Amino acid sequence: MFFIDTDTCTACDCCIDACPCDAIIIVDGQHTIDPELCVECGACYDACEFGSIFESDLESIPKQDV
Ligand code: SF4
Ligand code: SF4
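Residues numbered from 1 in each chain as written. Chains lettered and ligands numbered in written order. Predicted model: local features only at pLDDT ≥ 70, side-chain atom pairs only at ≥ 80, totals over all residues. Heavy atoms only, no water.

K.L.:
Help me get a handle on the overall build of the protein, residues and values and all.
P.N.:
If you tally the helices and strands in the protein, you get 2 helices and 4 strands. In sequence order, the protein lays out its α and β elements as β-α-β-β-α-β. Counting over 66 residues, the protein shows a buried share of 23%. Long-range contacts, defined as pairs at least 24 residues apart, comprise 59% of the intrachain contacts of the protein with a sequence gap of at least 6. Here the protein displays about 4800 Å² of accessible surface, and carbon together with sulfur accounts for 50% of that area. (Helix = DSSP H or I, 4+ residues; strand = E, 2+ residues; numbered from the N terminus. Buried < 20%, exposed > 50% of the residue type's maximum accessible area, 1.4 Å probe, protein only. Contact = heavy atoms within 4.5 Å. Areas by Shrake-Rupley, 256 points an atom, 1.4 Å probe, with all protein chains shown as cover.)

Written out as structure tokens, the structure is:
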């Protein structure tokens, strides 16, 4: 899964231009990756010059006790 760090994102739109799936949308003025559309190709990660896109493996996050 790829995520955008909205604290460092400069809204340059390079990731939007790079995404082949139109998976990067703007919600409340902040760039966000729609996980329903993202195919995890990494093009946005390569395109971001500000290091604002990072990859996280959700399965590596410990599950909370129920
Ligand atoms: S990983 Fe690929 S498909 Fe997903 S948001 Fe980035 S450019 Fe788009
Ligand atoms: S390329 Fe990086 S800095 Fe530019 S809009 Fe996308 S996440 Fe933000």
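Text resumes after the structure shown.
K.L.:
Break down unusual backbone geometry for me, citing the residues and quoting the values.
P.N.:
Its identity as a non-glycine residue notwithstanding, Ala11 has a phi of 60°, on the positive side. Relative to the helices and strands, Ala11 is located in the loop between β1 (2-4) and α1 (14-18). On the accessibility criterion, Ala11 (42% relative accessible area) is partly exposed.

K.L.:
Which residues make up the environment of Asp17, and what values do they have?
P.N.:
If you trace the backbone, Asp17 turns up in helix α1. Residue classification places Asp17 among the exposed positions, given a relative accessible area of 66%. Along the primary structure Asp17 and Ala47 are separated by 30 residues, whereas in three dimensions their C-alpha atoms are 8.7 Å apart.

K.L.:
I'd love a proper account of the site of ligand 2, names of residues and values included.
P.N.:
The immediate surroundings of ligand 2 are formed by 13 residues, with Cys9, Cys12, Asp13, Cys15 and Cys48 found nearest. Among the residues forming the shell around ligand 2, the class breakdown is 9 nonpolar, 3 polar and 1 charged. (Near = heavy atom within 4 Å. Nonpolar A, V, L, I, M, F, W, Y, C, P; charged D, E, K, R; others polar.)

K.L.:
Please set out the site of ligand 1 residue by residue, giving values where relevant.
P.N.:
By nearness alone, 14 residues border ligand 1, and Cys19, Cys38, Cys41, Gly42 and Cys44 come closest of all. Residues belonging to the shell around ligand 1 are distributed by class as follows: 12 nonpolar, 1 polar and 1 charged.

K.L.:
Go over the environment of Thr6 with me, naming the residues and quoting the values.
P.N.:
Among the structural elements, Thr6 can be located in the loop between β1 and α1. Distance from Thr6 to Ser52, taken between C-alpha atoms, is 7.3 Å for residues 46 residues apart in sequence.

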